[in-house]
Amino acid sequence: MGAELVFYTSNRAKYEEARSVLGARGFPVRWQRRSLVEPQASTLEAVVRAKLRQVAAPPRGFALVEDSGLFVPSLGGFPGVYSSYVLKTLGLEGLLRALRGQRRNASFVAVVGLAGRGMLRLGRGEVRGSLAPTPRGRGGFGFDPVFIPEGHSQTFAQMGSEGKALLSHRTRALRGLIRFLETSSPPPRRTG
Ligand code: IMP
């Protein structure tokens, strides 16, 4: 079994995604339900580094944090790092209104940070797609009802958590860290 990971997030769906990706590769993930302070910053990486400074790694493992956003090129990359604020204030309807008459392509980006054993690593994942004219589907959270990944016709919210986890920006960011985790895990203890 690999090093223990403690994921600090207030979002259960993010934790479930991380558990399924990393658990399948032998890395158990424990959920620490915490809302971390997000500084005003212009990149997801800066937010992740600030979140890592607020958490503690388990003795032989790593602390894990994440920040993500929806980037819409026709809106100059907005809402990007301000995604959660935009969702709270304008909501999906407000975002869709701002998009009327604009190109609808968009990307979800996630940056995941790991810290422990004196090391710090960031991983970035992106999934390209487009925004549906109206919300569809009951699953997922946040922008899932309007995001259609490239090459698909359903929104993330229509795909169910397993279908989404195969493609998601978070899964891609986490996969990028697996090689690092494999090489930095302690060798299994010898018995006998
Ligand atoms: P944060 O990383 O929790 O600050 O998330 C930024 C915003 O993007 C929040 O409003 C989330 O709901 C939204 N978001 C992040 N990842 C996803 C996703 O996988 N699906 C839908 N919305 C997401």
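See the structure shown above.
A few points on the structure. (Residues numbered from 1 in each chain as written. Predicted model: local features only at pLDDT ≥ 70, side-chain atom pairs only at ≥ 80, totals over all residues. Heavy atoms only, no water.)

### Comments concerning the site of the ligand
Inference 1: Surveying the vicinity of the ligand reveals 16 residues, the closest of which are Lys14, Ser68, Asp144, Lys164 and Arg170.
Inference 2: Here an oxygen atom of the ligand sits 3.2 Å away from a polar atom, N or O, in the side chain of Asp67.
Inference 3: With respect to the ligand, the side chain of Arg170 contributes an N or O atom lying 2.7 Å from a nitrogen atom.
Inference 4: Breaking the shell around the ligand down by element, the ones donating at least two residues are β3 (62–71), α3 (83–89) and α6 (169–184). (Near = heavy atom within 4 Å. Polar contact = N/O pair within 3.5 Å; in protein donor to acceptor, adjacent residues only side chain to side chain. Helix = DSSP H or I, 4+ residues; strand = E, 2+ residues; numbered from the N terminus.)

### Some points on α6
Inference 1: Taking 1.5 Å per residue as the helical rise, α6 with its 16 residues ought to reach 22 Å, and the 24 Å between its terminal C-alpha atoms agrees with that figure.
Inference 2: Taken as a whole, α6 carries its principal kink of about 30° at Leu177.
Inference 3: Where α6 is buried, its residues meet β1 (5–9), α1 (12–23), β3, β4 (105–116), β5 (119–131) and α5 (156–167).
Inference 4: Put simply, Ser168 is the residue that caps the front of α6, since its side-chain oxygen is 3.3 Å from the backbone nitrogen of Arg170. (Expected span 1.5 Å × (residues − 1). Bend = angle between axes of the 7 residues up to and from the residue. Contact = heavy atoms within 4.5 Å.)

### Section: the pairing of β1
Inference 1: With 5 of 5 residues buried, β1 lies mostly within the body of the structure.
Inference 2: Chirality of the crossover, the property in question, places the unit of β1, α1 and strand β2 (residues 29–33) among those that are right-handed.
Inference 3: Taken together, the 3 bridges between β1 and β3 define a ladder with parallel strand orientation. Within β3, the residue paired with Leu5 across the bridge is Phe62. (Buried < 20%, exposed > 50% of the residue type's maximum accessible area, 1.4 Å probe, protein only. Right-handed = clockwise from strand over helix to strand, strands pointing away. Pairing = 2+ DSSP bridges.)

### As for the packing of α1 against α6
Inference 1: Running from N to C, α1 and α6 point in directions that differ by 45°, and their axes come no closer than 10 Å. Taken together, the axes of α1 and α6 are oblique relative to one another. Crossing handedness for the pair α1 and α6: right-handed. Counted together, Lys14, Glu17, Ala18, Val21 and Leu22 of α1 and Arg170, Thr171, Leu174, Arg175, Ile178 and Leu181 of α6 form the full contact between these two elements.
Inference 2: For the contact of α1 with α6, the class distribution of residues is 6 nonpolar, 1 polar and 4 charged. (Axes fitted to C-alpha atoms, helices over the stretch in contact; angles between N-to-C directions. Parallel < 35°, antiparallel > 145°, perpendicular 65-115°, else oblique. Left-handed = near helix turned anticlockwise from the far one by under 90°. Nonpolar A, V, L, I, M, F, W, Y, C, P; charged D, E, K, R; others polar.)

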